[in-house]
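An overview of the molecular structure
Single-letter residue listing:
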Amino acid sequence: MFLCTREEGSGDPPPDDAHAPHLSVFPNLVEIQEELQQADEECFSWATVKHALGYITLEEYFDRLIDHIREGGARHTWDKPNSNIAHVLRGDLIAGAFKSRMLKRNLGRLSHADGEQLKALCLLFYREAVVAELQRRVELDIGVTLASLPPWIVDILGIIAYARRHVDVLEHLVKYYKASSTRAKTSFDLIGVAILSSRQGTSITFQHSPNTPHNRELEWRLWTALLNAEPGAWLHYPMQKTTSEAGLPAGLYHGLHWLADYWADDHQLRASPAFAEYLHALSAQGVILGAVTISRFLSVTEGTSFNFIKGGPFVPVGAALARTMLDCFPLEHSLSDNYPGGDSAELALPITQWPTDNPDRLVVMEVLLEQGLVVDGKIADYGWGSMDYRAEEQLQDTCLIKAAERGDTNMVDLLLRHGAARDVQGAHGHTAAQRARDKGHTEIADHLETL
């Protein structure tokens, strides 16, 4: 969210320098921008900025966050009940968790001693990823046990472990921390698409951890632990119910979708065991992935699979991984009621463009057909909006036409066995036989015309 554009050699700013010209904030984060314009107050956003840019230490960062909830601590213009916590979380998960806690007035304020204890806990959870060592130091150095901590502190410590990718620590909290109530709202409830999708961005760091493929893979482990929490075993189970069928907050529901989508350069992670476990956890919670999401998993390409006519480039998924996805999210639930033909085309047309020496293309296509794929579906079946900018071949061709066009005899036979219609016209009024003949595949054309 923040970018320092100070030129090299210009030196660090003094502590009281607002250095506003050297910061860039996403324009949609209006409240963050307003906070940063109030340079005479040390609000949550300024603490985040100065720590992110290296102008204050980690100890000073936590001091400034905790000061907001300490007796006699600072009060700022933007410490208001109607604050957009989601914006603060997007900039800094840890600062957002503290601000969310601050706005719960019924929890009271911390004494100086309790504030110092909380800072020690935060620093320890920020730096220590080994559970045994963490527990030892909590008890010996700080003089408390995790079981003795109030729920809101465990919430903040859980967010710190999440932001730092300390998976074992978060899994331990989820498994062993006993809740006093299963109705409490958690900071994790407030995480949505804007936060989870940012992990796919190009920034070097993301939410207090390096933005690497390994850490993006750990994201699945973290959410698998959260989703698989046993009733009563963790403060945040079940998550706050809203309108989503899975009983998850709407923003989080769509954010969890994002973690199974938009692969870009991470297509190799589709084979990760952590991702397979994440899919099972989503499915168990009642989350349904749509056909477009499944299509991008099956056939990674540049842009969306609407560009299949450009030939990809596709990075096909293996048959075993495809089965895992389709076992968790069968087409009977994933195809939309209004546009099953369009969804089917979205799924299957890219598979007709996989390399013809890849036997998995037939296996995956057959799984889709057995689950109820509309074999003659077209992208044009969506019927919504203007599609004039797309090539006619993208809109009108069926899987049979595309397979015939490539001379893929095995794919043609598979589609015919599952009821593909030979007389359906695609782009330019071509049937599958006409397209095959036009491309020089006379044997397939003759075969189709004599059936």
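Note: the structure precedes this text.
Described in the following lines is the structure provided in the data block.

Describing the packing of aromatic side chains
- Overall, the coordinates contain nine aromatic pairs when judged by the stated rule.
- Aromatic side chains Tyr162 and Phe188 sit 5.6 Å apart centroid to centroid with 85 degrees between the ring planes, which places their arrangement in the edge-to-face category. Taken as a pair, Tyr162 in helix α8 (residues 151-163) and Phe188 in the loop between α9 (167-176) and α10 (193-198) lie far apart in primary sequence, 26 residues in all. Here Tyr162 and Phe188 have matching classes, each one buried.
- Centroid distance Tyr162 to Trp223: 5.8 Å. Interplanar angle 75 degrees. Geometry classified as edge-to-face. One end of the pair, Tyr162, is in helix α8; the other, Trp223, is in helix α11 (residues 213-227), and 61 residues separate them in sequence.
- For Tyr162, a relative accessible area of 1% puts it in the buried group.
- Taken together, Trp220, Phe275, Tyr278 and Phe297 form an aromatic cluster joined through their ring pairs.
- The ring centre of Trp152 lies 4.2 Å from the NZ or CZ of Arg101, which sits over that ring.
- Between Arg165 and the ring centre of Tyr162, over which it is positioned, the NZ or CZ distance is 4.7 Å.

Topic: the nonpolar core
- Core analysis: the biggest nonpolar cluster contains 124 residues, and Phe62, Phe98 and Trp223 have the highest contact counts within it.
- The biggest single contributor to this core is α8, with 10 residues.

Description of the environment of Ala348
- Considering the arrangement of structural elements, one finds Ala348 in helix α17 (residues 340-348).
- According to the relative accessible area criterion, Ala348 is buried, its value standing at 0%.
- In sequence terms Ala348 and Ser299 are 49 residues apart; their C-alpha atoms lie 9.3 Å from each other.
- Apart from the residues lying within four places of it in its own chain, the contact partners of Ala348 are Met365, Leu373 and Cys399.

Here's the deal with helix α6 (residues 112-127)
- The terminal C-alpha atoms of α6 lie 23 Å apart, and with 16 residues this matches the ideal 22 Å at 1.5 Å per residue to within 8%.
- Turning to α6, its buried residues are Gly115, Leu118, Lys119, Leu121, Cys122, Leu123, Leu124, Phe125 and Tyr126.
- Contacts made by the buried residues of α6 are with α2 (44-52), α3 (58-67), α5 (93-102), α7 (131-142), α8 and α9.

Definitions and cut-offs
- Residues numbered from 1 in each chain as written.
- Predicted model: local features only at pLDDT ≥ 70, side-chain atom pairs only at ≥ 80, totals over all residues.
- Heavy atoms only, no water.
- Phe/Tyr/Trp six-rings, centres within 6.5 Å; stacked < 30°, edge-to-face > 60°.
- Helix = DSSP H or I, 4+ residues; strand = E, 2+ residues; numbered from the N terminus.
- Buried < 20%, exposed > 50% of the residue type's maximum accessible area, 1.4 Å probe, protein only.
- Lys NZ or Arg CZ within 6 Å of the ring centre and 35° of its normal.
- Core = buried A, V, L, I, M, F, W, Y, C linked by side-chain atoms within 4.5 Å.
- Contact = heavy atoms within 4.5 Å.
- Expected span 1.5 Å × (residues − 1).

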